[in-house]
2 protein chains.
Amino acid sequence: MNKTSTETRFVVVEREFPFPPEKIWRALTQPHLIEEWLMKNDFKPVVGHSFNLRGDWGGVLDCEVLVVEPTKTLSYTWNFRHEDAAYNLTSVVTFTLTPTRTGTHLRMQQAGFRPDQKQAYGGARAGWQQFFAKLEEVLTRTD
Amino acid sequence: MNKTSTETRFVVVEREFPFPPEKIWRALTQPHLIEEWLMKNDFKPVVGHSFNLRGDWGGVLDCEVLVVEPTKTLSYTWNFRHEDAAYNLTSVVTFTLTPTRTGTHLRMQQAGFRPDQKQAYGGARAGWQQFFAKLEEVLTRTD
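Treat the numbers as computed from the prediction; the structure is a model and nothing was measured.

Conventions we followed
Residues numbered from 1 in each chain as written. Chains lettered and ligands numbered in written order. Predicted model: local features only at pLDDT ≥ 70, side-chain atom pairs only at ≥ 80, totals over all residues. Heavy atoms only, no water. Contact = heavy atoms within 4.5 Å. Buried area = accessible area lost by both parts, 1.4 Å probe. Salt bridge = Lys/Arg side-chain N within 4 Å of Asp/Glu carboxyl O. Polar contact = N/O pair within 3.5 Å; in protein donor to acceptor, adjacent residues only side chain to side chain. Helix = DSSP H or I, 4+ residues; strand = E, 2+ residues; numbered from the N terminus. Nonpolar A, V, L, I, M, F, W, Y, C, P; charged D, E, K, R; others polar. Phe/Tyr/Trp six-rings, centres within 6.5 Å; stacked < 30°, edge-to-face > 60°. Buried < 20%, exposed > 50% of the residue type's maximum accessible area, 1.4 Å probe, protein only. Lys NZ or Arg CZ within 6 Å of the ring centre and 35° of its normal.

Listed per partner, the contact involves 25 residues of chain B and 25 residues of chain A. Each partner contributes to the roughly 2200 Å² buried at the junction of chain B and chain A, and carbon and sulfur atoms together form 57% of this total. Remark: the boundary between chain B and chain A carries 2 salt bridges. Linking B:Glu83 and A:Arg81 is a salt bridge whose minimum nitrogen-to-oxygen distance equals 2.7 Å. If you look at where chain B meets chain A, you find 13 residue pairs in polar contact (both at pLDDT 80 or more). For the side of chain B that touches chain A, the secondary-structure elements that each account for two or more residues are strand E3 (50-54), strand E4 (60-69), strand E5 (73-80) and helix H4 (118-141) of chain B. Take the side of chain B that touches chain A: its biggest share by element is 7 residues, from H4(B). Residues that form the side of chain B that touches chain A fall into these classes: 10 nonpolar, 9 polar and 6 charged.

One pair of aromatic rings is described through two measures. These are the centre distance and the angle between the planes. Within this structure, the stated rule accounts for 24 aromatic pairs over all chains. Here the aromatic rings of B:Trp37 and B:Phe95 are separated by 6.3 Å at their centres, their planes lie at 80 degrees, and the arrangement is edge-to-face. Separated by 58 residues along the polypeptide, B:Trp37 in helix H3 (residues 31-37) and B:Phe95 in strand E6 (residues 89-99) bring together distant segments of the chain. The exposure classification of B:Trp37 matches that of B:Phe95, with both residues buried. The structure contains a cluster of three or more aromatic residues connected by ring pairs, namely A:Trp37, A:Phe43, A:Phe51, A:Tyr76, A:Trp78, A:Phe95, A:Trp128 and A:Phe131. Sitting above the plane of the B:Tyr121 ring, B:Arg9 keeps its charged end 3.9 Å from the centroid.

In short, geometric facts, not functional conclusions.
This is how it looks when you write it as structure tokens:
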């Protein structure tokens, strides 16, 4: 029973884009592009770099870069501190890029939702769908 | 000089909608409608009620209802706690509805941004433009 209480859930969103991995990678790692589809940020593709993602309504996420394998894997923590345990989130976002015959398969996994964080989990599922839709717009628009 | 450091700034967004105040009021006070243009929430139009606004990415705002004058004025705190002072926001959102010949003039004021909170202030200006655009969609779509 203790085991169950410590299991966490994750959100996965996958999509294939008709662009090479290099182009997707730029959108995932250049701050001005990240801002267009995700949030304002002071990201740097450097392991150990601490940064924030900032929502327009005053909210902010605390993040740290964990893995940087150019054009292949990008991973960072995605933490939100709140005194209410239901909202206090410690999670890890991992992007995996795989070249396909016609473009790139992008997989995003956000891991670390506790069973009692149903709202945060549901929100992340909806949120990443929106983020991916905006990412597609950015990719289509930029050279 | 001390006076300057305690002055705060506010964001104002105003728009006229071709709908009566009662309809705007519903969109501002019914949780399922608030969710459509602002954020998920457990709002109640009751002075003293504490509620949260929850972003899809796991973030959350702490709020408390301050003023409820049906079809006229709604005000609540809009607070975000963070250990970094640049992000720690204590603000008050006030909606004022004024009937016009052809509809309703809606004014939103968010007050409480300190001078060192340039990012939060700029974010709120952009954010409220987006929220109002979504509010307009919701109003146009619903009966």
